[in-house]
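# Tertiary structure, described
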Amino acid sequence: MTIHGSEVDRSEEWESLKARYLRAMGERRPSSARGLHHYALLCSDVERTINFYQELLEFPLVELFENRDYRGSTHFFFDVGHDNYLAFFDFPGLDLGEYREVLVGCTT
């Protein structure tokens, strides 16, 4: 029998992971990362996305061009500070279906 959601008690596992890996701010090693060049997401409406990120959140639009891998698709970037960018693609004509929230797992 598989147990899901609220029936699962993983508190011991989480406490064990925190005890082994989580360090207080002053005890953590500095990150080896120097930033994230860009993180890419999909959008369904380029202008609406620009209005939200540039006008509301005040992340300046810094680049916009045709996606080299999908003709007619827009690839555009917002500056989110410290030489890091948030990138978007739209894929007109590609039927991705209606939006639905999904859970994405990680594997090792």
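Whatever comes next refers back to the structure up there.
The sections below set out a description of the structure shown in this document.

### Let's talk about the overall build of the protein
A count of helices and strands for the protein gives 2 helices and 4 strands. Taking all 108 residues of the protein together, 18% fall into the buried category. If you sum the accessible surface of the protein, you get close to 9,900 Å²; carbon and sulfur atoms cover 52% of it.

### Some words on the pattern of salt bridges
If you walk through the whole model with that rule in mind, you get 2 salt bridges. Across the pair Glu13 and Arg10 runs a salt bridge whose closest N-O atoms are separated by 2.8 Å.

### What to know about the pairing of strand S3 (residues 74–81)
Burial analysis of S3 places 6 of its 8 residues in the buried class, which makes it a mostly covered element. Relative to S3, strand S2 (residues 61–66) runs antiparallel, the two being bridged by 5 bridges. From the neighbouring strand, Leu61 faces S3, where its bridge partner is Phe78. In this sheet, strand S4 (residues 84–89) lies alongside S3 in antiparallel orientation, the contact comprising 6 bridges. In the strand pairing of S4, His75 is matched with Phe89. Remark: 2 residues form the turn of the hairpin made by S3 and S4, two consecutive strands paired antiparallel; His82 in that turn has positive phi of roughly 55 degrees.

The rules behind these values
- Residues numbered from 1 in each chain as written.
- Predicted model: local features only at pLDDT ≥ 70, side-chain atom pairs only at ≥ 80, totals over all residues.
- Heavy atoms only, no water.
- Helix = DSSP H or I, 4+ residues; strand = E, 2+ residues; numbered from the N terminus.
- Buried < 20%, exposed > 50% of the residue type's maximum accessible area, 1.4 Å probe, protein only.
- Areas by Shrake-Rupley, 256 points an atom, 1.4 Å probe, with all protein chains shown as cover.
- Salt bridge = Lys/Arg side-chain N within 4 Å of Asp/Glu carboxyl O.
- Pairing = 2+ DSSP bridges.

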